[in-house]
Amino acid sequence: MIATRMLPALGFAPRADRLVERNIMNYRRTWIVLVSGFFEPLFYLLGIGFGIGALVGNVTGPDGHAISYGAFVAPGLLASSAMNGAIYDSTFNIFFKLRYAKTYDAILSTPLGINDIAVGEITWALIRGTLYAIGFLAVMVVLGLVQSPWVILALPAAMLIGFAFAAVGMAATTWVRSWTDFDYIFVVTLPLFLFSSTFYPLSVYPEPLRTIVSITPLSRCIDLLRSLALGELSPVLLVDVAYLLVMGGVGLWVVSRRLDKLLLK
Amino acid sequence: MTTAQPIAAPASPEFAPDRPGVPEAARESLIRARGLTKKFAEFVAVDAIDFDVAPGESFGFLGPNGAGKTSTMRMIGCVSPITGGVLSVLGMNPAHDAALIKGRIGVVPQQDTLDMELTVRENLIIYGRYFDLSRREAGRRADDLLEFVQLTDRAKSTVESLSGGMKRRLTIARSLVNEPDLLLLDEPTTGLDPQARHLLWDRLYRLKQQGVTLVLTTHYMDEAEQLCDRLVVMDKAHIVAEGSPRELIDQYSTKEVLELRFPVGVLETLGTELDGLAERIERLPDRVLLYADDGEAAAAAAHARGLRPETVLVRRSSLEDVFLRLTGRSLIE
Ligand SMILES: Nc1ncnc2c1ncn2[C@@H]1O[C@H](COP(=O)(O)OP(=O)(O)OP(=O)(O)O)[C@@H](O)[C@H]1O
Ligand SMILES: [Mg+2]
């Protein structure tokens, strides 16, 4: 909870930690729901990493060395699950509280403000995603899929991915009017998951498709995590980090603007 | 305040407002609105209203659907920016000091906004936490408040499993968790059965005794008469009258009202037969109201004219009559 304790220093969202506390209170009773978020990427890893991996054998890593398909696909799955977890939390759950349960209307009658809600909810998505990432990384270590000590940086990187997608997901949710509108969000996230080099390297794409895919957000996330997991550090990673920071910052700004418009009429 | 001349000591500040010569701005009001306006796009929901609420007072907004009561309450509660005019709450400006103001007020919104994902007791605890109470203090107040609204045995229930009246009581308990100086109640008892309403009135009365300032909206004149020291009648975004329930009745109605009900179809055939029987006559779809200081005398006069209503009722004037007079409409449609 260090992250939320530090939030008051930000000043503009001094009570964001109360939202996190509310969510912890809620999930204390329904923690089993949280566990499923851990198993989903794990099943992908076992099914695809080992199942398909047995067919594929070794693949050529970014630096030209041969690596097992499991070691190649695991960071991609970690990035994808960080994205999916953040999106899931910041869409369905937020929509329910925003449009049905009127949770935020109640909260706004207390000293909390719009920024506390925006930062608090995104922080919660981030915390949840971090727990999953820790679990997933532990499994990677146990299964011997880790190639480099730099993988330790995959944890903050996964948190950054969670932040960027939670902020954008929550921003998108403020425009959602009914449950069926969520289809539009998944029309975006499913192709990202399938085509952003999660399962194969970007080099399979011809130009200019390769360049186009490489600037989509999940591709940047996978580039970041795969490079760290395989120990291939390069200045490009800083670009990835900056990309995600900007994405999350813009998302957060949009969330604040939109919630203000929706809730303080 | 210390003074060299004890005999000439000025009245304590809270009485200063009543002394002549004190400028308007110096008067101490908990809420002060001047030309307060709320527009939704081009639609004017609250049109330049003026009112003051004094500390310890219980103040009501009485009005039909769409009058602008909720819009006004939301502006006072700092969750709706004002479109025009001046509004000060607890001496502060909602546009700049929302967090400070909200820290000292309690809000019961028109529609319950309880946290559906938490239990009854958790609802109160987390609300206390939003107001920066320690966990321990929030827990203590939650237990006291559950007792106060008689929900102790439902502490562990989910909110969904509560009846409408229980939810309303929980919402009121929630609004008290920060021990507010000012309580905003938007139709606190709408939809409750008489017993639940009386329980709530009793609880609100006790709070008033403890010095909490109450501001409430209602459709019910009995509620307004029970709870309000002073009220304003709102209609179509305007305040059309202001005073204590008694003053309003004295000013806008007669002492008594004679209600005549006629068999179906007869009412429409009545022409001039009623003229002159009372100071004022209101024809409602199902009955005629004759406003007269002596209802019995009016009833006798009607009988003498050969009118044979199905039922004859003489009653005292109520705020309902005031409302009818001011707006030409019934309060409860
Ligand atoms: N968010 C909004 N957008 C547009 N119009 C609104 C909005 N909120 C209220 N209004 C309009 O403003 C007017 C006043 O509404 P308000 O809710 O203040 O009335 P009210 O006196 O509380 O009525 P009721 O007794 O039904 O609760 C209504 O005509 C309503 O349609
Ligand atoms: Mg209303």
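Right, let's walk through the structure included here. (Residues numbered from 1 in each chain as written. Chains lettered and ligands numbered in written order. Predicted model: local features only at pLDDT ≥ 70, side-chain atom pairs only at ≥ 80, totals over all residues. Heavy atoms only, no water.)

1. With respect to the coordination of the magnesium ion (ligand 2)
Under ideal tetrahedral coordination, the four donors around a metal are separated by 109.5 degrees; under ideal octahedral coordination, the six donors are separated by 90 or 180 degrees. The magnesium ion (ligand 2) binds to the protein through T70 of chain B (OG1) and Q110 of chain B (OE1); the donor distances cover 1.9 to 2.1 Å. Of the two residues, T70 of chain B is situated in helix 1 (residues 69-76) and Q110 of chain B in the loop between strand 5 (105-108) and helix 3 (120-130); the sequence distance between them amounts to 40 residues. (Donors = N, O, S within 2.8 Å, 3.2 Å for Na, K, Ca; no water. Helix = DSSP H or I, 4+ residues; strand = E, 2+ residues; numbered from the N terminus.)

2. Concerning the packing of helix 3 (residues 31-56) of chain A against helix 6 (residues 114-142) of chain A
Residues and elements named next belong to chain A. Where helix 3 meets helix 6, the closest approach of the two axes is 10 Å, and the angle between their N-to-C directions is 40°. When the axes of helix 3 and helix 6 are compared, the pair comes out oblique. Relative to helix 6, helix 3 is oriented so that their crossing is right-handed. On the side of helix 3, the interface is formed by L34, G37, F38, P41, L42 and L45, while helix 6 contributes R128, Y132, G135, F136 and V139. Grouping the amino acids of the contact of helix 3 with helix 6 by side-chain chemistry returns 8 nonpolar, 2 polar and 1 charged. (Axes fitted to C-alpha atoms, helices over the stretch in contact; angles between N-to-C directions. Parallel < 35°, antiparallel > 145°, perpendicular 65-115°, else oblique. Left-handed = near helix turned anticlockwise from the far one by under 90°. Contact = heavy atoms within 4.5 Å. Nonpolar A, V, L, I, M, F, W, Y, C, P; charged D, E, K, R; others polar.)

3. Points about the pattern of salt bridges
Counted by the stated rule, this structure contains 36 salt bridges over all chains. A salt bridge links K208 of chain B to D229 of chain B, with the shortest nitrogen-to-oxygen separation between them at 2.9 Å. Placement of the pair is K208 of chain B in helix 6 (residues 194-209) and D229 of chain B in the loop between helix 7 (221-227) and strand 8 (230-235), with a sequence separation of 21 residues. The shortest N-O distance in the salt bridge between R230 of chain B and E242 of chain B comes to 2.5 Å. One end of the pair, R230 of chain B, is in strand 8; the other, E242 of chain B, is in strand 9 (residues 238-243), with 12 residues separating them in the sequence. What makes E242 of chain B partly exposed here is its relative accessible area of 43%. One continuous salt-bridge network, built from bridges that share partners, spans R15, D17, R18 and E21 of chain A together with R129, D132 and R135 of chain B. (Salt bridge = Lys/Arg side-chain N within 4 Å of Asp/Glu carboxyl O. Buried < 20%, exposed > 50% of the residue type's maximum accessible area, 1.4 Å probe, protein only.)

4. Details of the packing of helix 2 (residues 16-29) of chain A against helix 3 of chain B
How two helices pack is summed up by the angle between their axes together with the distance between the axes. Packing of helix 2 of chain A against helix 3 of chain B leaves a shortest axis separation of 9 Å and a crossing angle of 160°. Considering their axes alone, helix 2 of chain A and helix 3 of chain B lie roughly antiparallel with respect to each other. The handedness of the crossing between helix 2 of chain A and helix 3 of chain B comes out as right-handed. Counting all contacts with helix 2 of chain A, which are made through R18, E21, R22, M25, R28 and R29 of chain A, the residues of helix 3 of chain B involved are E122, I125, I126, R129 and Y130 of chain B. The class makeup of the residues in the contact of helix 2 of chain A with helix 3 of chain B is 4 nonpolar, no polar and 7 charged.

5. Describing a negative patch on the surface
All names here are of chain B. A grouping of E279, D293, D294 and E296 is seen on the molecular surface, where their side chains present a negatively charged patch. Counting through the fold element by element, E296 comes out in helix 10 (residues 295-304). Judged by relative accessible area, which is 54%, E296 ranks as exposed. (Patch = residues over 30% accessible without salt bridge, like charges linked within 9 Å, V, L, I, M, F, W, Y side chains within 5 Å. Areas by Shrake-Rupley, 256 points an atom, 1.4 Å probe, with all protein chains shown as cover. Lys, Arg positive; Asp, Glu negative; His and termini not counted. Charge placed at Lys NZ, Arg CZ, Asp CG, Glu CD.)

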